[in-house]
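These are the residues of each chain, in order.
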Amino acid sequence: MMENKLLLIDGNSLTYRAFFALPPMTDAQGRNTNAAYGFTMMLLKLLEEEQPTHMLVAFDASSETFRHDVYQEYKGSREKTPSELREQFPIVRDICEALGIQMMELHRYEADDLIGTLAQTMPADRIRIVTGDKDLLQLVTDQVEVLITKRGITDVLCMTEELFAETYGGLKPMQMIDLKGLMGDKSDNIPGVPGIGEKTAIKLISAYGSVEGLYEHVEDLKGKQKEKVIANEELARLSKELATIKLDVPLDVTLDDLQISDVDTQVPYSLFQSLGFKSLTNRFAPVVEEADKEQLNVQTITSLPEGVTDAVLVVEQLREDYMEEDIIGFGIATPDQIYVASPELVNDPAFRAWIESDHQKICLDAKQVAFALRKHDLKLTAFDDLLLAGYLLNLSGGTTLASIAGHYMLMAPNEEAVLGKGAKRLAPTDDLLHPYLAEKARMIELLFPKVKEELKANQQFELYETLERPLSGVLAEMEWTGIRVDVATLQDMQEDLRGRLTDLEQLIYGEVGEEFNINSPKQLGVILFEKLELPAFKKTKTGYSTAADVLEKLRPLHPVIDHIMLYRELQKLQSTYVEGLQKVIKEDGKIHTRFAQTIAQTGRLSSVNPNLQNIPVRIEEGRKIRKAFVPSEAGWSLYAADYSQIELRVMAHMSEDKTLVQAFLDDADIHTQTASSVFGVAPNDVTGNMRRQAKAVNFGIIYGISDYGLSQNLNISRKEAQDFIDRYFELFPQIKLFMDEAIEKARMNGFVETLMNRRRNIPDINSKNFNLRGFAERTAINTPIQGSAADIIKKAMLDVHAALEASPLQARLLLQVHDELIFEAPDEELDALKTLVKQAMEQTVDLSVPLRVDGDAGHSWYETK
DNA sequence: ATGCTCACG
DNA sequence: ACGTACGTGAGCATC
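Residues numbered from 1 in each chain as written. Chains lettered and ligands numbered in written order. Predicted model: local features only at pLDDT ≥ 70, side-chain atom pairs only at ≥ 80, totals over all residues. Heavy atoms only, no water.

Under the annotation held in an unreviewed UniProt entry, chain A carries the name DNA polymerase I and is attributed to Exiguobacterium undae. Looking at the Sequence similarities (unreviewed entry) heading of the UniProt record, one finds this comment for chain A: "Belongs to the DNA polymerase type-A family." (UniProt positions renumbered as here; feature names shortened; annotations may be inferred.)

And the structure:
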């Protein structure tokens with residue numbers, strides 16, 4: 001027999017949440033719909049993920065409740081529900097009804113009490129409650145779990161008895177009401193005992209079990225606290241009563257009444273249509289509407305028909321690693337006809353001519369398309385790139401066809417349903433694949449003009465058309481070229497490391513007296529902090545932290561720590577670099593990384609499979625890895641050119657801080673200069689340690705400094721860190737102003753911008769959550785700096801590439817590592833290359849401070865320093 | 001799939 | 001009182 005699974009929904013709480021979480025939306029008649037939309041998304045997600053058999057949405061009755069009888073001011077501090085929200089409750093009810101879900105409200109009771117009673121009495125096999133209100137956590141038992149909404153609306157956290165105990169210092173969920181009795185609840189205007197907050201309340205309730213228990217032992221308390229507790233006994237007992245959810249509301253329902261009824265999809269379909277919920281309309285589209293899809297005029301072709309000019313081009317591959325993958329099909333969308341084709345189309349002369357013609361090809365990911373076609377000796381010419389354009393809108397949820405479609409309330413075709421995911425990904429037969437390709441091409445055709453228009457409205461179209469789009473071609477070139485890696489160098493290192501690692505392993509086992517997995521933080525934690533009883537400073541969510549900064553502090557306490565740190569260092573080199581890199585060397589003896597252009601939130605590139613932007617350099621041992629990266633031809637060298645202090649220069653330019661700008665105009669050593677100012681000594685008297693600290697402060701500034709962060713980094717006290725920061729802002733007042741303005745701008749506009757109009761949305765900037773807001777503020781400061789630096793080097797890459805094309809040089813760009821470019825060139829070209837690169841990189845933009853580029857050539861990457 | 005740790009700018 | 005430095009990707013252990 002099937003399990004009964006009951007889902008109890010706090011209708012008021014979720015509708016409130018949705019209202020405040022979502023931007024305003026209206027339907028065709030101008031009714032507000034954002035809360036109703038968010039509530040519906042939540043409901044559908046729950047139906048899908050929880051698969052309940054029974055469900056009920058409870059609402060507060062709008063009248064006064066029994067709680068007002070004992071305390072007239074109950075919920076007295078609440079602001080009146082905005083009318084934009086109030087008018088959406090009837091819509092929410094219509095939606096529940098349309099989906100066949102029972103609703104309930106009862107005069108003089110709140111939704112909480114109805115849910116509490118049902119959770120207590122319904123004979124379901126499993127019961128889950130969904131709410132945004134922590135009050136309901138008191139209902140958690142071994143039978144009942146509470147799903148509580150986290151940030152956003154569709155993310156939930158499942159609160160179980162165990163998790164509750166972990167969160168609330170070992171308390172039982174029922175003791176939530178005792179906590180509220182002492183600490184009160186601002187949002188419900190429950191008073192509690194004045195002067196007792198969450199921390200103290202948890203302490204007292206863990207010690208005495210309950211409010212009643214506390215008053216039995218009130219003599220044990222001391223001083224002010226004792227006075228406060230005694231003086232407010234009435235308030236505490238009243239508060240507890242108010243916070244207690246009633247479990248015996250007289251209700252006349254059976255479990256059967258709550259069964260989810262089968263509904264005709266026609267009803268929610270028309271409702272969602274009238275509300276303008278486009279994506280939901282698609283989901284409930286009745287079968288007859290399938291005719292709509294048929295109307296997609298799809299034709300299977302083996303040769304490209306005459307007359308195709310500008311069109312959408314889909315070149316489908318199974319996985320994202322486009323260097324290895326074969327083409328599995330094509331989709332081509334023109335305004336009045338969609339074509340689909342098998343991989344053989346690549347041999348069709350008409351198709352080949354079209355690819356290399358000036359007709360515009362709108363792709364989802366032009367770099368992927370260009371690469372796939374290049375393997376068949378085709379050069380993709382005249383292209384647009386929806387993914388790149390969408391990236392610049394900085395949508396939440398990453399840059400995918402689905403997220404761009406979602407932005408315009410459209411539903412992208414379901415890739416997973418057709419191709420599968422993970423290990424089960426498989427090319428389907430053409431009768432399944434081709435309709436998908438047709439839909440995908442159609443969706444791209446629909447979306448591209450919308451994104452283009454939005455970019456224009458945002459003054460971002462130029463960024464797309466003159467920076468990102470041409471850059472994708474340069475990146476494709478770099479990926480295609482690849483960088484030569486000398487396997488023998490890596491093999492020698494592997495041998496050496498293998499020996500040293502086994503020796504270290506034995507040494508460590510000997511020192512601690514047993515064998516264990518040194519790579520397991522969990523096992524290592526047990527050895528260090530339980531067996532050896534070393535002090536544990538820091539914890540992670542799951543246990544002891546064994547991170548490097550912790551080990552560093554433990555170093556003097558036990559000789560094994562040194563060996564563990566060395567083991568970690570060598571193990572990392574061995575597995576990630578020495579072994580890892582060998583696995584991705586292709587038959588041509590080269591590594592071809594992929595540069596991801598639509599991942600980083602700041603506008604930087606990222607590098608995958610492998611990541612060539614994090615090859616070791618700081619520690620000599622690791623730096624040796626770079627000896628394996630060599631020129632691809634005899635008589636050639638590598639050349640690396642890097643921007644000096646680009647982020648600080650960008651900050652000097654953007655803030656127009658007089659002191660900082662002058663320092664760069666003077667070409668001073670910026671960290672020494674900062675140290676000289678902050679410590680008040682002549683530049684010549686700056687010690688190494690002073691410079692090191694000033695450098696940390698400079699970095700901290702770029703990251704959106706906090707006293708805590710700086711204190712951690714420099715291993716000094718928070719007070720000392722704060723003093724540094726205060727001093728810094730006194731000396732560089734315009735930097736402080738610049739940072740405040742960045743935050744203000746984020747608050748006003750909801751986003752920040754870089755020099756080239758790249759945007760990052762900062763939704764949490766006005767959050768009431770201290771943590772989220774702090775994070776948002778630091779992001780608002782860091783993103784314009786990091787992002788503008790990314791803009792600049794991207795533009796420099798275009799300039800360098802163009803200059804190389806225009807020159808007779810054979811030199812070519814291989815890699816970008818955020819502030820440096822790596823080239824290879826015949827030895828005799830090196831002088832010319834240095835001049836060309838330095839010129840292009842330094843002159844690519846005109847700032848109020850000069851840009852400086854340093855460069856070095858060598859016979860391996862190791863030697864370019 | 002997720003968390004921890006650590007490599008880079 | 002809160003609990004953080006900004007941005008990435010990869011390997012390993014653990015669930």
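Colleague: Can you walk me through the sheet that holds strand S23 (residues 853-858) in this structure?
Modeller: Strand pairing in a sheet relies on backbone hydrogen bonds, with the paired strands running either antiparallel or parallel. Strand order in the open sheet made by the 4 strands is S21-S22-S18-S23, with antiparallel pairing throughout. Two strands lie at the open edges of the sheet, namely strand S21 (812-816) and S23, each paired on one side alone. The sheet shows a mean angle of 25 degrees between the axes of neighbouring strands, taken without regard to direction. In the packing of helix H36 (residues 830-843) onto the sheet, contacts are made with strand S18 (636-643), strand S22 (820-826) and S23, and the angle to S18 comes to roughly 20 degrees. (Pairing = 2+ DSSP bridges. Helix = DSSP H or I, 4+ residues; strand = E, 2+ residues; numbered from the N terminus. Axes fitted to C-alpha atoms, helices over the stretch in contact; angles between N-to-C directions. Contact = heavy atoms within 4.5 Å.)

Colleague: Looking at this structure, how should I read helix H24 (residues 521-531)?
Modeller: Residue pairs three or four apart in sequence face the same way in an α-helix, which turns once every 3.6 residues. Every buried residue of H24 is listed here: Leu524, Gly525, Ile527, Leu528 and Phe529. Down the axis of H24, the smallest arc covering the buried residues is 165 degrees, so these residues share one side. Elements in contact with the buried residues of H24: helix H23 (487-512), helix H25 (548-554) and helix H26 (559-583). Looking one or two residues past H24, Glu533 carries a phi angle of roughly 55 degrees, positive in sign. (Buried < 20%, exposed > 50% of the residue type's maximum accessible area, 1.4 Å probe, protein only. Arc of directions from axis to C-beta.)

Colleague: Hey, could you run me through the protein's contact with DNA strand C in this one?
Modeller: What surrounds DNA strand C is a group of 35 residues, the closest being Ser520, Gln601, Ser606, Asn609 and Tyr708. Here, DNA strand C places atoms within 4 Å of the protein, and 63% of those atoms are sugar or phosphate. A distance of 2.9 Å is found between a phosphate oxygen of DNA strand C and a side-chain nitrogen or oxygen belonging to Asn517. A distance of 2.9 Å separates a sugar or linking oxygen of DNA strand C from a polar side-chain atom of Asn611. Broken down by secondary-structure element, the contributors of at least two residues to the surface near DNA strand C are H24, H26, strand S16 (606-608), helix H31 (688-703), helix H32 (707-714) and helix H35 (770-806). In terms of residue count, the dominant contributor to the surface near DNA strand C is H35 (6 residues). (Near = heavy atom within 4 Å. Polar contact = N/O pair within 3.5 Å; in protein donor to acceptor, adjacent residues only side chain to side chain.)

Colleague: Would you take a moment to explain the packing of aromatic side chains for this structure?
Modeller: For any two aromatic rings, the description comes down to two numbers: the centre-to-centre distance and the angle of the planes. Summed over all chains, the structure comprises 18 aromatic pairs. Plain terms: the ring middles of Tyr322 and Phe371 are 5.0 Å apart, the flat faces sit at 45 degrees to each other, and that makes the pair tilted. Of the two residues, Tyr322 sits in the loop between strand S8 (311-317) and strand S9 (327-334) while Phe371 sits in helix H17 (residues 366-374), which places them 49 residues apart along the sequence. The residues Tyr322 and Phe371 share a single accessibility class, namely buried. Ring pairing ties together the aromatic residues Tyr37, Phe272 and Phe277, which thus form one cluster. The ring of Trp861 is capped by Arg626, whose NZ or CZ atom sits 4.3 Å from the centre of that ring. Sitting over the ring of Phe729, Lys736 keeps its end group 5.3 Å from the ring centre. (Phe/Tyr/Trp six-rings, centres within 6.5 Å; stacked < 30°, edge-to-face > 60°. Lys NZ or Arg CZ within 6 Å of the ring centre and 35° of its normal.)

Colleague: Explanation requested: the protein's contact with DNA strand B in the structure shown.
Modeller: Every one of the 22 residues lining DNA strand B counts as a neighbour, but Thr546, Ala548, Val617, Arg618 and Asp819 are closest to it. For DNA strand B, the fraction of atoms within 4 Å of the protein that belong to sugar or phosphate moieties is 72%. Between DNA strand B and the protein, one listed contact pairs a base nitrogen with a side-chain N or O atom of Arg604 at 3.0 Å. Examining the composition of the surface near DNA strand B, we find that 3 residues originate from one element, H26, more than from any other. Along the lines of polarity and charge, the residues of the surface near DNA strand B split into 8 nonpolar, 8 polar and 6 charged. (Nonpolar A, V, L, I, M, F, W, Y, C, P; charged D, E, K, R; others polar.)

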